[in-house]
Structure formats: C-alpha cells, structure tokens
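A closer look at the structure
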Amino acid sequence: MRKFSLKKWGRNLAIFFGLFILINVIVTTIVIKNARNTGVYTATDPLIVNDITGLNPIAVGKVVTPHHLDDIVSAIMATHGPISIGGGRFSQGGQTAYPDSLHFDMRTFNQVVNFDQTNKLITVQSGITWRDIQEYIDPYNLSVKIMQTYANFTVGGSLSVNVHGRYIGEGPLVRSVHGLKLVLANGDVVTATPEQNADLFYGVIGGYGGLAVIAEATLELTDNVKVERQTSTMALADYQGFFRQSIRDNPGVIFHNADIYPPDYTQVRNVSWLQTDKPLTEPTRLIPKDKDYGWQADIVDLVAGSGTGKWARQHLIDPYIYSSDAVYWRNYEASYDVRELEPDDRADYTYALREYFVPVSHFDAFAERMKTIFQAHNANIINVSIRHALPDSGTLLAWAKEEVFAFVVYYRQGTDVADIRKVKAWSKAMIDATIAEGGTYYLPYQIFASSEQFKQGYPRAAEYFALKDKIDPNNRFRNRLWQTHYPKNAPAFQPEKNSIAQYFRDEGQTLLTVPEWYLVFNPKEYADFLAAGHSPSEFPFFASIDEYWHLYDKVTELAAGRYPKNDEYLTMLNVIGISTTVEYLYKGAYEASIGRFTQWTANAATPEDDLIAEAQRAYSELIYTKAWYEFDFAGWIGKIWSQPDFFGPNFIRKLERKLFFSLEYGFKELYATVIKFAAKSTYDESDGNIYLVATSSQPVTDDQISPGKILATEGNQYLLAVPRWGGFTQLIPKLARQGMTFNDISGNQQIALSFLVNQGKALNTLPGKYLFDSVVVSDPQQKRIVAMTQVSELPKVLARLEDMGIALEHIYDY
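The following paragraphs examine the structure supplied in this document. (Residues numbered from 1 in each chain as written. Predicted model: local features only at pLDDT ≥ 70, side-chain atom pairs only at ≥ 80, totals over all residues. Heavy atoms only, no water.)

**A few points about the sheet that holds strand E27 (residues 807-812)**
To keep it simple, the criterion reads: For two strands to count as paired, DSSP must find a minimum of two bridges between them. Strands here mean DSSP runs of E at least two residues long; helices mean DSSP runs of H or I at least four residues long; both are numbered from the N terminus. Think of each axis as a best-fit line through the C-alpha atoms, taken over the contacting stretch in the case of a helix, with angles from 0 to 180 degrees between the N-to-C directions. Residues count as neighbours in contact if any of their non-hydrogen atoms are within 4.5 Å of one another.
Taken together, four strands build an open sheet; the order of strands is E25-E26-E24-E27 and the sheet is antiparallel. Each end of this open sheet is capped by a strand with a single partner; those strands are strand E25 (769-775) and E27. Taken pair by pair, the neighbouring strands of this sheet meet at an average axis angle of 25 degrees, ignoring direction. Bridge analysis of strand E24 (residues 750-758) against strand E26 (residues 782-790) gives nine bridges, and the strand direction is antiparallel. Pairing of Ser754 across the sheet is with Val786, part of E26. Lying over the sheet, helix H17 (residues 541-559) contacts E25 and E26, oriented at roughly 165 degrees with respect to E25. Set on the sheet, helix H24 (residues 794-804) makes contact with E24, E26 and E27; between it and E24 the angle comes to about 5 degrees.

**What about the pairing of strand E21 (residues 709-714)?**
The sheet contact formed by E21 and strand E22 (residues 717-723) spans five bridges and is antiparallel. Across the sheet, Lys709 pairs through a bridge with Ala721, a residue of E22. Here E21 folds back onto E22, and the loop between the two strands holds two residues, one of which, Gly715, carries a positive phi near 65 degrees.

**Re the sheet that holds strand E3 (residues 62-64)**
Working definition: the strands of a sheet are paired by backbone hydrogen bonds and lie parallel or antiparallel to each other. The three strands lie next to each other as E3-E5-E4, forming an open sheet whose pairing is parallel. Strand pairing shows two members of the sheet lacking a second neighbour, E3 and strand E4 (83-86), which therefore form its edges. Each strand axis lies, on average, 25 degrees off the axis of its neighbour in the sheet, ignoring direction. Where helix H2 (residues 69-77) meets the sheet, it contacts E3, E4 and strand E5 (102-105), and its direction lies at approximately 175 degrees from that of E5.

**Focus on the packing of helix H6 (residues 236-246) against helix H10 (residues 363-376)**
Inclusion rule: Any angle that is under 35 degrees is reported as roughly parallel, and any over 145 degrees as roughly antiparallel; angles of 65 to 115 degrees are reported as roughly perpendicular and all others as oblique. For any pair of crossing helices, the crossing counts as left-handed if the nearer helix is rotated counterclockwise from the farther one by less than a right angle, and right-handed if it is rotated clockwise. Following the grouping adopted for this structure description, the nonpolar residues are Ala, Val, Leu, Ile, Met, Phe, Trp, Tyr, Cys and Pro, the charged ones are Asp, Glu, Lys and Arg, and the polar ones are all others, Gly among them.
Viewed as axis vectors pointing N to C, H6 and H10 meet at an angle of 150 degrees, and their least axial separation amounts to 10 Å. Comparing their axes, H10 and H6 come out roughly antiparallel. Taken as a pair, H6 and H10 cross one another with a handedness that is right-handed. Across the interface between the two elements, Leu236, Tyr239 and Gln240 from H6 touch Phe363, Asp364 and Ala367 from H10. In the contact of H6 with H10, the residues fall into four nonpolar, one polar and one charged.

**Concerning the packing of aromatic side chains**
Note the threshold: Any Phe, Tyr or Trp ring, taking Trp's six-membered ring, that has another such ring centre within 6.5 Å forms a pair; planes under 30 degrees apart are called stacked, those over 60 apart edge-to-face, and the others tilted. For each residue, the accessible area found with a 1.4 Å probe, counting protein chains only, is set against the maximum for its type, and the residue is called buried under 20%, exposed over 50%, and partly exposed in between. Counted as over-ring charges are cases with an Arg CZ or a Lys NZ within 6 Å of the ring centre that also lie within 35 degrees of the ring normal.
Throughout the structure, instances matching the rule amount to 60 aromatic pairs. An angle of 85 degrees between the planes, with centres 6.2 Å apart, marks the rings of Phe631 and Tyr665 as edge-to-face. With a gap of 34 residues between them, Phe631 in the loop between helix H19 (607-622) and helix H20 (633-642) and Tyr665 in helix H21 (residues 651-682) connect regions that are remote in the sequence. On the accessibility criterion, Phe631 (6% relative accessible area) is buried. What makes Tyr665 buried here is its relative accessible area of 1%. Geometry around Tyr349 places Arg412 over its ring, the cationic atom sitting 4.3 Å from the centre. Across from the ring centre of Tyr619, 5.8 Å away, lies the NZ or CZ of Lys668, which sits over that ring.

**A short note on the nonpolar core**
Quick note on the threshold: The set of buried Ala, Val, Leu, Ile, Met, Phe, Trp, Tyr and Cys residues whose side-chain atoms join them within 4.5 Å is what this entry labels a nonpolar core.
Counting 112 residues, the largest nonpolar core has Ile133, Leu180, Tyr239, Phe374, Phe407 and Trp426 as the members making the most contacts within it. Counting residues per element, this core draws most heavily on helix H11 (residues 417-436), which supplies seven residues. Val514, Phe521, Tyr548 and Met572 belong to the second largest nonpolar core, which has 42 residues in total.

**Topic: the side chain of Ser662**
With respect to the helices and strands, Ser662 occurs in helix H21. Discounting residues that sit within four places of it in the chain, Ser662 has contacts with Ile637, Ile640 and Trp641.

**With respect to H24**
All of the buried residues in H24 are Leu794, Pro795, Val797, Leu798, Leu801 and Met804. One or two residues past the end of H24 sits Gly805, with phi positive at roughly 70 degrees.

**Here we look at unusual backbone geometry**
With an omega of 0 degrees, the peptide bond running from Pro262 to Pro263 counts as cis. The residue Pro263 is located in the loop between strand E13 (253-260) and strand E14 (267-275) in this model. Geometrically, the link from Ser706 to Pro707 is a cis peptide bond, its omega value of 10 degrees lying close to zero. Position of Pro707 relative to the elements: it lies in the loop between helix H22 (702-705) and E21.

Next up, the structure:
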C-alpha cells in the first residue's frame, strides 16, 4: 500500500484550484471581451409597440386596427382606460404608446375619402401614407404641398408632430391643412378647421396624440413640376448670406437643404432643386417601391464607423454622387423611402434623429454652440441637415414661432442603457444651447428634456394642457411624452427624486436580477441541505449550474423587446454565471470523488463538517443583505484550523476538509479582493438604498418604516429610502400590511417577485402575472414561480400570497 503523503495531497489540491483560477480568468476575459454580442434582444410580442430605433418598447394592453370610423368610436366607448395612437412608428421616444393602453394602430385606416382636382384638395383617412397619396394624385400631375422628406410616414403621424420638409416658401405642415375630423375621448366625432373648433385644430396638429384621434384630414395639393438639382459647397460661415441672396426669395426653388459635414462642422453643401423645363434625366415619376437600397445603408455604416468614413463622404462620395446632372419630377424627389437608411440590424447600434430650431438671425451663434457640444461629447454625428421654415400659423405647440432654420441631426448610437445615457447628456446640452439662442427643440425624438426645458421651449404648453383638461378630463390620451410633461402625470417629489443620484433604476433589471439572486438562494439551499444532515457530495451542483442558465435564458427572453439592452448587466451576469459554472464543475467533481471517498472513511460527521456547514450558513445570510465579496473568507479559514482539534477520530476526513475548505476559501478571498476593487472602479458605489413613493391614509413615522427613512412628505404621500437587497424583501411586506400602497419604486411601475410552492399544490389563480417556474434543485418537491406585478398592485399581491399560505422568496429591486 502506498504511503499517505500530506505534502503530495496538498500539492494536488493546490494544482486543482490553480487550474480553476486559470480557467476562470480566461473564460471571464473572453466573456467581457465579447459582452456586446450577448443577450441580443428581439421582439415578437404583438402587444409590444416599438419605433424605428428599437429603443422604446412599450407593452400595451390591446391593439385595435380600425378600418372604419365606427371602429374607433366603438373601441373608445367600450373602454375607460388610457388610449395611445400609432401610425408608421417613426417617432423615436415612445410618443405612440403607453403601458397597458388601448392602442390604435392606424395603418389599416388608410383610404382616400374625397379628391377635388379642381381646387387641389384631398381628404384622407389618417392611417394612409404619403406615398399612397402620391400614387393616387400623380396621374393628375399633382403633388403634396408640404410633407417630410420620406414618404413612408402616415398622415396622422405627420400631423401629430406637425412635420416640415425641404420646401422653400413653406414651413410647418399646418400651413397646408384645410380641416380635420377628430374622435374625442368621450367618443364624439367633431370637425376642426381654422374657423370651426379652431382650438382643437391648432391643438391637435403638433399635439402628439394627447387630445384626440385624428380620423381624417383635408390637405392642400400643388402642381407636379420638373425640378433640376443644383449643388455647391462653401464654408459654413458663408451659408447664411448665400441663403438670403440665392434661396430664400427665389420663387424657382422648390426643395432646399444644406448638409454640414462632421466632425469639423466648418463646411456645408447646398443641395437645391429648382423648377425647370429641361429634359428629364430620370423619367420615372415615383421612386420604385421595390428599389434596392443596399449600398446606401452600407455608406451610412461607413460614415458612422470612423473619421476616415466621414472624410471619404465629404471628399469622395458626395462629390461623386452630385457630379451628374439630375432632372426629376417633383413627386419623384418627394417619394424617398426610409429603407435607404435602414441598417442590416439594430441590435448593437441604431440610428436616430434630433432636431433644433433657431431664429434665422441666430444661425451662426447656434452653429458654433452645436460644434462645441458635439465635439466635447464625441457624439457620432453622421449629418446635420439645414432646413428653412416660415412661421407657424397658430399651433399651440409651435416649433416655428417665427422664421427659423432647422438643424436636423442624424447620428448613430449604441443600444444599451449606458449609450442612451451618453446621448442624453449631449442632447440636454443641445436643448440648453437652442433655448439660449431663442429657439426650441423638436418633440418626436428620445425624451430627454426636463420639464423646465419643455416649458421654456414651448411657452404655450399651459394653453395646450388647459385644452386637454377641458376635452379629455379623465386623461385618456396618453403616451410617454405626456407621461413626462403633462402636469397631471407629474409624479410627486420630482425635484427631490432628481436630486437623488441613485433614485432611478432601469425597470428591466427587475428581471435581469433573477439569475443573480439565484446565486444568493443557492448557497442558502446548500446551507439548508447540510443542516438537514446531508453530505456535500450529495448536493446537486451540476443541476444548480443548469438552473442558473435556465433562469438567465428565461429573463433575457422576457426582457427582449420590452426594455433597452443592458450590456453592463448582461456582462456581469455572464461573468458571474461562468465563474459559478467553473466553480461548481470543480466542486461537484471533487465532492463526488475525493470528498465522497473521505466521507466513506469516516463513521460520522467531523467537527470540520459542522464548521463548514456553519460557514455556509453565515455566507448565505450575509449575501442576502451585502455583496458576496464582503464575506470574511480568511476569518473562517482561521477558524477551521484553530477551533477543531488537528488530530482526532476520522483524521483523513478531518484533514481533507481542512485542506479543501482552506483552498476554496483562500481562492475566494483573493477573488473577492479583485472583484471588490473592479466593482468599485467600474460602478458607482451603492448607497445601500432603494427609493420609492408610498401613499398612506394614516400618518407614518420613521419607527413604522425602520430601518427605512422618510425623506419627504407631501399630503398623504411619502418619499422613502428603504434598504436594498434582502432588506427590501423583508420591509416591503411590512409596509404593505400597514396599509401603504406604492406609487413608484425607483421610478418604475412594474416589479418582479418570486415565491415557492409545493409541486402538487393546486393554484387556480396566481398572484401577479405569471412569467415562468422552475424546480428548486435541492428539493424537487418545491418549485419557484416568478411573476410580475404593477407596483401599485404589489400590496394586494403580497396579501394574496399570505392568504394562500405561499412563501414569498424575493422581490427583485432592480
């Protein structure tokens, strides 16, 4: 028989854990390097309304696709809750949807109602696209008088944002609208013109779906003529003089824009289309619907991809494109398709717009401010297109209160929450710059402006809201824009919330934290497993690995299309998941072999087994309220060598447990030091709180919410700071039992929770909205159910769980 060698055994264990560390480091490095390729979100749920950017998924309650006016009226009359309205979905900030709303998808409401060739008027249903109108009127040699550059938009959507185009001598779309037919929140159908119900006419146009459903519109048309392209380049400083002299008052100019070239923002290309009698260079009257746009999208990607691409566009690509003569029909030049800009996918990057309007006399000053901001923020701007507009004829939310230049900014951004925050920073700075120059910003894009910026940019907003109070007193017409700026939707304590750096958290993290919390539940399962007298070699380590990735797959699938991609969190989940996978593979293999052998040599549990069980219990309790790397691994190593006697019965098992535990916890002590340093270097240190607004019919004291704190009071509403992590799950049911309801938690309206039930328990109705369930690996007789609920319904859900005798496992606090 070979002689037992303590030295050799210790060396082999050290090699074992050394390999573990090496593999863990390699795999984690690969995960971090490729993090942007994980967790790509896609949406297939028909109740998820998004826009062209893919950044604003909103889960509505029901989608109605009307074909007749009565379909709209009856849907409104049959319901009492919020209503949202969408068309082509080219707005880019949630202006077309609202959570759990009755959503009108107007694209099926798309017929021509009346056509008056003599007076050059057309009446259409609001879901019709401008392209459909062009196809209808082109045989009569007529054109749309005012529209945006791209013809895919619906008329109703364009009216709701009061679009403009490249038309010289024109301005906002309202200048070409004769009348509207509207459906109000009570189901009434009314006509609105500049003379009849003028308040509605000028409120609904540019009103972003907050007042009524636009059912029909009567629009002015004009003659379809041949136009010739003329281009030139110049210094940006010379542009305003050029425009005044050659463009503004030239009756022959039909279309005009000028493109500022990033990243220097010092040169501009004038692109003008003048009426002509010259022969056509393109006889087609409208751009073919089936045109292949592959190369245009590739050029956009090239320009967005590097400074070299931007240089090539300015000095090579554009000079080539504009080198040939171009004489088209007006309708051809007005029938662009957004597909020419559409990338292959928008998983990692998306393309978006922002737009700013400044008085013509402030052009140069604003252009300099814009350049400074874009360069300071390293914004990936692809193009800035200059347009001109005459004053608005009276809309309440006019963006052209006087003659203005528009700066249309086209840019690329990442799709995760960190990239969205970066765009928000330069966007808010641009809004400040616009307001400082007496201008305003456009509302159809990502909603970053503060309510104060909104009030400054749209000084007649109070009149708009007064009109909404009058005709929509129950606030039925809603979307994310009015959720942000309509005073009746303004949440309590907004200034206080804005002053708390960690108040707002991404709602999607209530789902993404589920697998992370499993790594809290699983050590508790292990501690319970050992406390029940089971051997470590019997614990299902491999099944625990499967369960982590099962939960990961479930929550990322559920988050897909519902929330912006969160690369930082997905990276973290992959790092800790792979780290745990490697650890459990080694630990499971070790316990199933060496651990099982030394257990076989012993006739009873050793003091070391008992101490390890104590350590597991202490670890599982600490990580419920603190980060795992705060655990005193080194202290427990000291205990296993100092407390049990070195010699004694079952010596082989005693010694093996000491060595294995020391190496495991020694590695974790080192790993914890590294992770703690990395976490504090990468993330803002948590203040340990979750913030929420609660309502109580009775006065509330600090003692009632201890260890939470009352930060502010407003009537029967309370701004609270409560502990994060496990403390949150412990305190929230207590507050609910005291009669409190919750207005928002971390600025969010939905939250996930999990509870444990016996596999055979009959559940006729479940509290909350069921998401999925899974087996508790250490006790197959139990299963974990994960559900989602409205924050406002959380007290009812918790009470229902208590009534049913179901154990709450956790409330996932983002």
